[in-house]
Amino acid sequence: MSYMKNFRYAAGLYIAMLLTVAGVTTAQAQDLEPYRDWFGSYGYIDTTGNIVIECRYDDAREFSEGRAAVLSRGGDISGEGIFGQLSLTLKWGYIDTSGMAVIPCVYDYAGQFHEGYAAVMSGNKWGFIDYDGDTLVSYRYDEVHRFVNGYAAVRKGGCWGYIDSDGNELVPCRYDVASDFSSDGFAAVGRADSAGFVYRDGNWYASKDRALNWIRGIPFSVYAKDKVMNRMNEWQMPEPGESVPDWEVRVNGESFMARLEGLEMRYEAEYVEANRLEGPELILGPYDTLQEVFPVEIVDHVIHDADTSGSPERLRTFHVDLPVPSNEAGNVTSGWRRVKADFSYFVHDDRIAIAEAEFTLPGRRTYKWVNPDRPAVRTMLLDYDMVDIDFTLPGKIYRQIVRHSDDSSAADTDSAVFSGVHRKNGDMYAIVIANGTYSTGMTVPYARNDGEVFRRFCVDRLRMPEDNICYVEEADAEDMRNVLSWLDRVSRMFNADTRLVVYFSGQCLLDKGVGETYLLPVDYASTGVQSGLRLSSLFNRISGSGIDDAIFIVDASYGKISRNGMMYGVFDDGGVDGSWMRPDDRMVVFYAAGEDEGAYPYPEKKHGLFTYFLLKALQDNPDGISYGDLFDYISANVESVSSELYGRRQKPEVYSSEWDGEAWREFSL
């Protein structure tokens, strides 16, 4: 059985992926330099000296990993809110290479990003944030270094220690000096009475040899098992103040196994790195003409026991049977003295083993041996004895998803919702967007099924021509722009009889800095929140087209809780005037949930909870249903079922123009 890879351990790889998705982001960041104009304001210029990000900041730092720290009061000199309302004091935040505000100006100081994290100061204490502005380490340190090779040195009072990329304090603050971790897994540390090294296992050693000898002399289980169990037991316990529903979302059967394997993989990589061969002797045996192989003994004899002065060398030996065709055996024998070897490793039978060995002879002739004992699919290496968690309790959101994910049967709404006979309606148009998988790693369960079934409803029930429907799955920032282009093109044909339906299933975010809600593209982590579809922009484009009425259906919460119930978002909390959510005349917006509520999935039906009852109401009313009756039905059922499944309320919201008042209730699909 294979399991999910550990996302935390692969943080560096994750950031590289985001920058790759962004395309030219890295190149742009390298080419942009801070620039100060005659008025003392800062912006950014490219290599030709052109100003590409206008000078509107009080200070600016160089770009790193697609982000640059800038100093601002929260707005530009005209008082317009770039980051939100103007602050009385200067604060630091971050922009991307397009000049878009991606992390608000709320910090007293902000460092550069390195390995996916940046050090930030609030008050007189330091902490760390990740690429999206989420807090990795709260503000509790007096001084910090940047992350290097997965670890960062931190100081409390006069003593230094280290944290890892999970935010855990790997080494307590007890050293007078502390250097950054090097690629070999060591960091030099010192106290008044001694100096030595901290290894990435968190332990102190007088010398590097002593640390490596200890690791090379023990089984993998001795090195890793206790570490994995302690980390897992700590992680799966409820955190202080954590509600049961939040704990159930965080700790479940799927996340448990993903984290367990991820931790084991992390310590396996450390164990393998410490056990690599250093200058081994390669001893070629006599050629076996029957098997057509050379026996090769690999002897590593450079390990000294640093704990006992004058002790003899300890040897590690490995044996491989190197396949060589009989007509090439002579060349291998004659050229063996100049052979060069390259090895890869894995853990087998609780010890280090060679996974593959590649031998290159003069003339670049290469021979390769592959260990037949290496499994094709990785499985857990160790058995662990941890505190048992009962994953059979009701309300386990992800377990319900997994339980029903293999069920290929359609939901009861999917096949019958389209009954009814209507003529083709050339005056009806629809935009349908279904985003299920985001580059941040966040998923929106069943979003694509939501979108596809709703598209079929538009064709078969509302009788829209296919050309009248703009349908996009997994829409990125470019796709979102294409949606607007499509709307601009078809709106030329709108008239007083035209009706428009906009349906979105995915992630939605309220950017309180600018007071706008955005339907997010799947790549917004690299392109920015504001690369999404801004609802107010859609309202404005439609209001001047002479259209009769439009309905917007958004199956996503617009606050800090995503469609799958997980918390996210980096923008300031606080009261926001709700007028920005109110559309223009003869427009209605249905939101699946309120600002501080989750828009949850309905695993048994393989739809979003909101979308399922939307489709159910349409199915049960083949001759049409008013917006008022539709919303009342959805709201009552969603609120009831969300409380039953998750122990939390999801209450849909509706907004219409002030001019329409309650008239929207009489509109109908």
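Residues numbered from 1 in each chain as written. Predicted model: local features only at pLDDT ≥ 70, side-chain atom pairs only at ≥ 80, totals over all residues. Heavy atoms only, no water.

Q: Mind showing me how you'd approach the overall build of the protein here?
A: Along its length, the protein carries 14 helices and 36 strands. Of all 669 residues assigned to the protein, the portion counted as buried reaches 53%. Taking the intrachain contacts of the protein between residues at least 6 apart in sequence as the baseline, contacts between residues at least 24 apart amount to 60%. Carbon and sulfur atoms provide 49% of the accessible area of the protein, an area that totals close to 30,100 Å². (Helix = DSSP H or I, 4+ residues; strand = E, 2+ residues; numbered from the N terminus. Buried < 20%, exposed > 50% of the residue type's maximum accessible area, 1.4 Å probe, protein only. Contact = heavy atoms within 4.5 Å. Areas by Shrake-Rupley, 256 points an atom, 1.4 Å probe, with all protein chains shown as cover.)

Q: I'm lost on the nonpolar core in this one. Help?
A: Nonpolar side chains in soluble globular proteins tend to be buried together. Residues Tyr223, Ile298, Leu322, Trp336, Phe343, Ile354 and Phe359 are the most contacted members of the largest nonpolar core, which totals 50 residues. Excluding residues that lie within four positions of it along the chain, Leu322 makes contacts with Glu292, Val293, Phe294, Val296, Trp336, Phe359, Tyr367, Lys368 and Trp369. Among the nonpolar cores identified, the runner-up in size contains 41 residues, and Ile431, Leu484, Ile547 and Ala550 belong to it. (Core = buried A, V, L, I, M, F, W, Y, C linked by side-chain atoms within 4.5 Å.)

Q: Just checking my understanding: could you explain the environment of Val459 for this structure?
A: By the secondary structure assignment, Val459 is in helix 9 (residues 447–460). The class of Val459 is buried, set by a relative accessible area of 11%. On a C-alpha basis, the gap between Val459 and Asn425 in space is 9.5 Å, while along the polypeptide they are 34 residues apart. Discounting residues that sit within four places of it in the chain, Val459 has contacts with Met464, Glu466 and Ile469.

Q: Sorry if this is basic, but what is going on with unusual backbone geometry here?
A: A negative phi holds for most residues other than glycine; trans holds for most peptide bonds. For Glu65, which is not glycine, the phi torsion reads 55° and is therefore positive. Considering the arrangement of structural elements, one finds Glu65 in the loop between strand 4 (59–60) and strand 5 (68–72). Here the phi dihedral of Lys606 falls at roughly 55°; this positive angle occurs in a residue that is not glycine. Along the chain, Lys606 turns up in the loop between strand 34 (601–602) and strand 35 (607–608).

Q: Help me understand helix 10 (residues 477–490) in this model?
A: Owing to its 3.6 residues per turn, the α-helix brings residues three or four apart onto one side. The terminal C-alpha atoms of helix 10 lie 20 Å apart, and with 14 residues this matches the ideal 20 Å at 1.5 Å per residue to within 8%. Within helix 10, the full set of buried residues consists of Ala477, Met480, Val483, Leu484, Trp486, Leu487 and Val490. If you check the start of helix 10, you find a side-chain oxygen 3.2 Å away from the backbone N of Glu478, and it comes from Asp476. (Expected span 1.5 Å × (residues − 1). Polar contact = N/O pair within 3.5 Å; in protein donor to acceptor, adjacent residues only side chain to side chain.)

Q: Looking at this model, I keep getting lost on the sheet that holds strand 16 (residues 177–178). Mind explaining?
A: Through backbone hydrogen bonds, the strands of a sheet pair up, either in parallel or in antiparallel fashion. Here we have 4 strands laid out as an open sheet, ordered 16-17-18-19, and antiparallel in their pairing. Every other strand in the sheet has two partners, leaving strand 16 and strand 19 (204–205) as the edge strands with one partner each. When strand 17 (residues 186–191) meets strand 18 (residues 194–199), the two strands line up antiparallel, connected through 6 bridges. Within strand 18, the residue paired with Ala188 across the bridge is Phe197. (Pairing = 2+ DSSP bridges.)

Q: Got a minute to help me understand the sheet that holds strand 4 in this structure?
A: Reading across from one edge, 4-5-6-7 is the order of the 4 strands in this open sheet, with antiparallel pairing throughout. Strands at the two margins of the open sheet, each flanked by one partner only, are strand 4 and strand 7 (101–107). Note that strand 5 and strand 6 (residues 91–95) share 5 bridges and pair antiparallel. By the bridge assignment, Val70 is partnered in strand 6 with Gly93.

Q: Is there a simple way to explain helix 9 in this structure?
A: If you check helix 9, its first and last C-alpha atoms are 20 Å apart, about what 14 residues at 1.5 Å a residue would give, namely 20 Å. Every buried residue belonging to helix 9 is among Ala447, Asp450, Gly451, Val453, Phe454, Arg455, Phe457, Cys458 and Val459, and all of these are buried. Buried residues belonging to helix 9 abut strand 26 (428–434), strand 27 (469–473), strand 28 (499–505), strand 32 (549–555), strand 35 and helix 13 (609–620).

Q: How do you make sense of the packing of aromatic side chains when you look at a structure like this?
A: Here a ring pair, both rings aromatic, is described through the centre-centre distance and the interplanar angle of the planes. Under the defined criterion, the tally for this structure stands at 29 aromatic pairs. Between Tyr223 and Tyr271, the aromatic rings sit 6.0 Å apart at their centres with planes inclined by 40°, giving tilted as the arrangement. Residue Tyr223 is located in helix 4 (residues 220–236), and its partner Tyr271 is located in helix 6 (residues 253–274); the two are separated by 48 residues in the primary sequence. Judged by its relative accessible area of 0%, Tyr223 falls in the buried class. The class for Tyr271 is buried, based on a relative accessible area of 1%. A centroid spacing of 5.2 Å and a plane angle of 55° characterise the contact between Phe590 and Phe631, whose relative ring orientation is tilted. Residue Phe590 is located in strand 33 (residues 587–591), and its partner Phe631 is located in helix 14 (residues 627–646); the two are separated by 41 residues in the primary sequence. (Phe/Tyr/Trp six-rings, centres within 6.5 Å; stacked < 30°, edge-to-face > 60°.)

Q: Explain the side chain of Glu328 here, please?
A: Within the secondary structure layout, Glu328 lies in the loop between strand 22 (314–323) and helix 7 (329–335). Look at Glu328 and you get buried, because its relative accessible area is 16%. Sequence-distant contacts of Glu328, that is, excluding residues within four places in its chain, are made with Arg365 and Tyr367.

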